[in-house]
Amino acid sequence: MDRIRRALFPAAGLGTRFLPATKAQPKEMLVLVDKPIIQYAVEEAVNSGLTNLVIITGRGKNAIEDHFDVSFELERILEDRGKSDLLTLVRAVSDMVHIAYVRQKEALGLGHAILVARDLVGCEPFAVLLGDDIIDAEIPCMRQMMDIYERYKASVVAIMEVPAAEVSRYGIIDGIPLEGNDGRVFDVKRMVEKPRIENSPSHLAIIGRYILTPAIFDVLEKTGRGAGGEIQLTDGLQNLLAQERILAYRFRGKRYDAGEKLGFLKTTVEFALKNKDIGREFRSYLKSLNLDEY
Ligand code: UTP
């Protein structure tokens, strides 16, 4: 199979880093300027040409389904009030794409979440996008990765260079650069989850975009529970490496970590500055602040 058609969006995590905000509301629905964070990843998939989307949800995640569904009541009210531009905005979300949902009954890890979608994926290679990672890029990050997949027909993980102080927060790759490709594609030899800097094979960190071959499913079935009693995707990838080639791709673009408080705030500030409606005013507001007062 040459083409990727399906994208998975694991969204069944507990979002503990945002408690209490995420007690009754999914992390994926936290608002970044004017859209819930999961919509950015969905739009990236759609703009990459993926048409078959699956969101993996869990308990308390109904708001995600409602967000991408048609809201007849709201549309009627907006129509009656003549709010045609708002109506267009609301319809654009539900018209964007067809999404299927599958539930992960217990948050047993990212590897487990992917396994839950096995029957929906079947025997095709597929994309995985974690909504926490928001990527600003001229060519959508997933589209760039699909081009690499189409050339090499191997699993692809997205990587970025991180400072030494941050390697212990990521899965880090040990890889050999492939000829050409501007030095952006690596043959992965090994992956190390959250290494101490002195044991880290590189500063190249895996972020939340993957293209996986269906061989990952059998591997994940056999991968035991790792750190935190969860089935870790990185452990599964390390096991997949024993039977298949995995490539790492240093994408072009800027990645924002909206999955934790400080990262979320930084993302909000930068996206607000770039926003065409409020950007200018927000910039002058920021400039007017006397930071020494805080
Ligand atoms: P994270 O560990 O970053 O998210 O998982 P979390 O568990 O929701 O948040 P914290 O750490 O408690 O604050 C990475 C991605 O994997 C999904 C999450 O929804 C997130 O998109 N995930 C994680 C699942 O779908 N199922 C799981 O069991 C675990």
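For the structure itself, consult the block above.
Residues numbered from 1 in each chain as written. Predicted model: local features only at pLDDT ≥ 70, side-chain atom pairs only at ≥ 80, totals over all residues. Heavy atoms only, no water.

Caption draft 1: How the structure looks around the overall build of the protein chain. A count of helical and extended segments in the protein chain gives eleven helices and 13 strands. What you see for the protein chain is a C-alpha radius of gyration of 20 Å, in line with the 19 Å of a compact globule of 294 residues. Its C-alpha atoms give the protein chain principal-axis dimensions of roughly 60 × 50 × 40 Å. Taking all 294 residues of the protein chain together, 48% fall into the buried category. (Helix = DSSP H or I, 4+ residues; strand = E, 2+ residues; numbered from the N terminus. Rg over C-alpha atoms; globule rule 2.2 N^0.38 Å. Buried < 20%, exposed > 50% of the residue type's maximum accessible area, 1.4 Å probe, protein only.)

Caption draft 2: Layout of unusual backbone geometry. With an omega of 5 degrees, the peptide bond between Leu19 and Pro20 qualifies as cis. Considering the arrangement of structural elements, one finds Pro20 in the loop between β1 (6-10) and β2 (31-32). Unusually for a residue other than glycine, Val33 sits at a positive phi of about 65 degrees. Here Val33 shows up in the loop between β2 and β3 (35-36). You will see that Lys194, though not glycine, has its phi angle at about 45 degrees, which is positive. Relative to the helices and strands, Lys194 is located in the loop between β10 (185-193) and β11 (204-212).

Caption draft 3: How the structure looks around the layout of surface pockets. Looking at the largest pocket, its volume works out to about 1300 Å³. Along the walls of the largest pocket sit 40 residues, with Arg17, Leu110, Leu130, Asp132 and Lys194 positioned nearest its centre. Mapped by element, the contributors of at least two residues to the lining of the largest pocket are α5 (110-116), β11, α9 (233-240) and β13 (254-257). Of the residues assigned to the lining of the largest pocket, the class counts are 16 nonpolar, eleven polar and 13 charged. (1 Å grid on protein atoms, 1.4 Å probe; cavity = no way out; pocket = protein on both sides within 12 Å on 5 of 7 lines; lining within 4 Å. Points joined across faces, edges and corners; volume = space filled by probe spheres on them. Nonpolar A, V, L, I, M, F, W, Y, C, P; charged D, E, K, R; others polar.)

Caption draft 4: Looking closely at the site of the ligand. Residues in close proximity to the ligand total 17 residues, the closest being Ala12, Thr16, Arg17, Gln104 and Gly109. Between Ala12 and the ligand, the recorded distance is 2.9 Å, taken from a backbone N or O atom to an oxygen atom. Between the ligand and the protein, one listed contact pairs an oxygen atom with a backbone N or O atom of Leu108 at 3.2 Å. Here the ligand loses 84% of its free accessible area of 570 Å² to cover by the protein chains. In this structure, the ligand is accommodated by the largest pocket. Residues of the shell around the ligand, tallied by class, amount to eight nonpolar, five polar and four charged. (Near = heavy atom within 4 Å. Polar contact = N/O pair within 3.5 Å; in protein donor to acceptor, adjacent residues only side chain to side chain. Areas by Shrake-Rupley, 256 points an atom, 1.4 Å probe, with all protein chains shown as cover. Sits in = over half its atoms within 2 Å of the grid points.)

Caption draft 5: Up close: the nonpolar core. Phe9, Leu50 and Leu53 are the most contacted members of the largest nonpolar core, which totals 41 residues. Examining the composition of this core, we find that six residues originate from one element, helix α7 (residues 141-152), more than from any other. Filtering out sequence-adjacent residues up to four positions away, Leu53 remains in contact with Ala7, Phe9, Val42, Ala45, Val46, Val97, His98, Ile99 and Ala100. Membership of the second largest hydrophobic core comes to 34 residues, among which are Ala12, Val157, Ile173 and Ile231. (Core = buried A, V, L, I, M, F, W, Y, C linked by side-chain atoms within 4.5 Å. Contact = heavy atoms within 4.5 Å.)

Caption draft 6: Representation of helix α1 (residues 37-47). Across the eleven residues that make up α1, a large majority, nine, are buried. If you check which residues of α1 are buried, you get Ile37, Ile38, Gln39, Tyr40, Ala41, Val42, Glu43, Glu44 and Ala45. Downstream of α1 by a residue or two, Gly49 has a phi angle that is positive, lying close to 95 degrees.

Caption draft 7: Region of interest: helix α10 (residues 261-274). Its 14 residues give α10 an end-to-end C-alpha distance of 20 Å, which sits within 8% of 20 Å, the value for a rise of 1.5 Å per residue. Among the residues of α10, Gly263, Phe264, Thr267, Phe271 and Ala272 are the ones counted as buried. For α10, the angular spread of the buried residues around the axis is 160 degrees, confining them to a single face. Of the residues in α10, the exposed ones pointing more than 90 degrees away from the buried face are Lys261, Leu262 and Leu265. For α10, the elements touching its buried residues are β2, α1, β7 (133-136), β13 and α11 (279-288). Looking at where α10 begins, the residue whose side-chain oxygen comes 3.4 Å from the main-chain nitrogen of Leu262 is Glu260. (Expected span 1.5 Å × (residues − 1). Arc of directions from axis to C-beta.)

Caption draft 8: Up close: the packing of aromatic side chains. Tallying each qualifying case throughout the model produces five aromatic pairs. Plain terms: the ring middles of Phe18 and Phe264 are 5.6 Å apart, the flat faces sit at 80 degrees to each other, and that makes the pair edge-to-face. With Phe18 in the loop between β1 and β2 and Phe264 in helix α10, this pair connects stretches of sequence that are 246 residues apart. We note that Phe18, like Phe264, is buried. The structure contains a cluster of three or more aromatic residues connected by ring pairs, namely Tyr40, Tyr256 and Phe271. The residue whose ring lies beneath Lys35 is Tyr40, and the NZ or CZ to ring-centre distance is 4.8 Å. (Phe/Tyr/Trp six-rings, centres within 6.5 Å; stacked < 30°, edge-to-face > 60°. Lys NZ or Arg CZ within 6 Å of the ring centre and 35° of its normal.)

Function cannot be read off these values alone, since they describe shape.
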